[in-house]
Amino acid sequence: MVQRHRHYYGEDPSQWGELFLPDLPDGGTHRGVAVVIHGGYWRSKYGAELGEPLAGDLAAHGMAAWNLEYRRAGNGGGWPHTFRDILAGIDKLQELAGPHALDLAKVVALGHSAGGHLAVWAAGRDRLPHLGLEAEHREVNVKDGGVRLTGVVSQSGVLDLAEAEKLNLSDGAVANFLGGPSSEFPGRYRYADPMAALPLDVPVFAVHATEDEDVPPAMSTSYVEAGKSGPVPARLVTVPGDHYALIDPGSQAYSKCRELVQELLR
């Protein structure tokens, strides 16, 4: 039996998450949490309903899951608000740990597409103050003492923003998200790009679907290549299917992602 609990981490209607919790023995604690971050090229027409089946499936397999909603471009999100929301939404787990018996020693993000970008970006939060982008850092307003991700499973994530802009993915999605082109906002682009925070000291599995026509495989391969000399090199994992197979709980592509989340939470 999976329990569901919705909690808000801010006043905006999109600043919420829903905890999916498997049954626990009396006095037990959930070992770790999986944060599910949905995609949709950061646009407001796509919401947390995309992550709901995944969070439900993780909980059905014994894992606590936090399906995170956030402001997107078109409903108050984009730069810098989406970034603030992702960190605030993850940090909300500190407040929920006591009431819901969550052990936060391991917190892993599972992010699809644009959600993969946000998950890997959030995993680099400790690196952000050292990018030499003080104005951007102030705008995002990263707080000290937040919840640190201990691993990420990126599902066909948009992990190379500079290349995504060049390719004009999803009809200018990156410029729409960041408020303009990189020629106008170079600092934003660098701050928002997971490539800039390499090398990370937490494991990242860059899972990519072999028949993905929405996010090119180069988004994952270039990220893995760029980080291969770091202390914890990212790993590329290819799975069969298209972009949406990754978020179909009945697919082989998704079951591999679930296995990787389980591995990271052990």
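One can find the structure itself at the top, above this paragraph.
Being a predicted model, the structure only gives us computed values, none of them experimental.

1. Quick notes on the sheet that holds strand 8 (residues 235–239)
Part 1 of the argument: The 8 strands are arranged 1-2-4-3-5-6-7-8 in an open sheet whose pairing can be described as mixed. Unpaired on one side and paired on the other, strand 1 (3–8) and strand 8 mark the two borders of the sheet. Averaged over neighbouring strand pairs, the angle between their axes works out to 20° when direction is ignored.
Part 2 of the argument: This element, helix 3 (residues 114–123), spans strand 3 (30–37), strand 5 (102–112), strand 6 (151–155) and strand 7 (204–209) of the sheet and lies at about 140° to strand 5.
Part 3 of the argument: Contacts between helix 9 (residues 252–265) and the sheet are confined to strand 3, strand 5, strand 6, strand 7 and strand 8, with strand 6 contributing the most and set at about 170° to the helix.

2. Quick look at unusual backbone geometry
Part 1 of the argument: Of note, the amide linkage connecting W79 to P80 takes the cis form, showing an omega dihedral of -10°.
Part 2 of the argument: Inspection of the secondary structure puts P80 in the loop between strand 4 (64–68) and helix 2 (81–97).
Part 3 of the argument: P199 follows L198 through a cis peptide bond whose omega is 0°.
Part 4 of the argument: Note that P199 resides in the loop between helix 7 (186–192) and strand 7.
Part 5 of the argument: In this structure, A101 is a non-glycine residue whose phi angle is positive, near 55°.
Part 6 of the argument: Looking at where A101 falls in the secondary structure, it is placed in the loop between helix 2 and strand 5.
Part 7 of the argument: Among the residues examined, A101 registers a relative accessible area of 23% and is labelled partly exposed.

3. Description of the packing of aromatic side chains
Part 1 of the argument: In this structure the tally under the stated criterion is 7 aromatic pairs.
Part 2 of the argument: Geometrically, the ring pair formed by W42 and F177 is stacked, given 4.6 Å between the ring centres and 0° between the ring planes. Here W42, found in the loop between strand 3 and helix 1 (52–60), pairs with F177, found in helix 6 (residues 173–178); they are 135 residues apart in sequence, far enough to count as distant. Comparing W42 with F177 shows no difference in burial state: the two are buried.
Part 3 of the argument: Summarising the aromatic geometry, the rings of W121 and Y191 are spaced 6.4 Å apart at their centres and angled 55° between planes, so their arrangement reads as tilted. Of the two residues, W121 sits in helix 3 while Y191 sits in helix 7, which places them 70 residues apart along the sequence. As far as burial versus exposure is concerned, W121 and Y191 are alike and both buried.
Part 4 of the argument: Above the plane of the ring of W16 lies R6, whose end atom (NZ or CZ) is 3.6 Å from the centre.
Part 5 of the argument: R188 extends its terminal NZ or CZ atom over the ring of F185, reaching a point 3.8 Å from the ring centre.

4. Focus on the packing of helix 1 against helix 9
Part 1 of the argument: In contact at an axis separation of 11 Å, helix 1 and helix 9 are set at 55° when each is read in the N-to-C sense. By the angle class used here, helix 1 and helix 9 are oblique. Relative to helix 9, the crossing made by helix 1 is right-handed. Residues L54, D57 and L58 of helix 1 form the contact with helix 9, whose participating residues are Y254, R258 and V261.
Part 2 of the argument: Residue classes in the contact of helix 1 with helix 9 are distributed as 4 nonpolar, no polar and 2 charged.

5. Things to note about the side chain of N67
Part 1 of the argument: Topologically, N67 is positioned in strand 4.
Part 2 of the argument: Relative accessible area serves as the criterion here: at 1%, N67 is assigned to the buried category.
Part 3 of the argument: N67 has contacts with W16, G17, E18, F20, V36, A48, G51, E52 and A55, leaving out every residue within four places of it along the chain.

Procedures and definitions
Residues numbered from 1 in each chain as written. Predicted model: local features only at pLDDT ≥ 70, side-chain atom pairs only at ≥ 80, totals over all residues. Heavy atoms only, no water. Pairing = 2+ DSSP bridges. Helix = DSSP H or I, 4+ residues; strand = E, 2+ residues; numbered from the N terminus. Axes fitted to C-alpha atoms, helices over the stretch in contact; angles between N-to-C directions. Contact = heavy atoms within 4.5 Å. Buried < 20%, exposed > 50% of the residue type's maximum accessible area, 1.4 Å probe, protein only. Phe/Tyr/Trp six-rings, centres within 6.5 Å; stacked < 30°, edge-to-face > 60°. Lys NZ or Arg CZ within 6 Å of the ring centre and 35° of its normal. Parallel < 35°, antiparallel > 145°, perpendicular 65-115°, else oblique. Left-handed = near helix turned anticlockwise from the far one by under 90°. Nonpolar A, V, L, I, M, F, W, Y, C, P; charged D, E, K, R; others polar.

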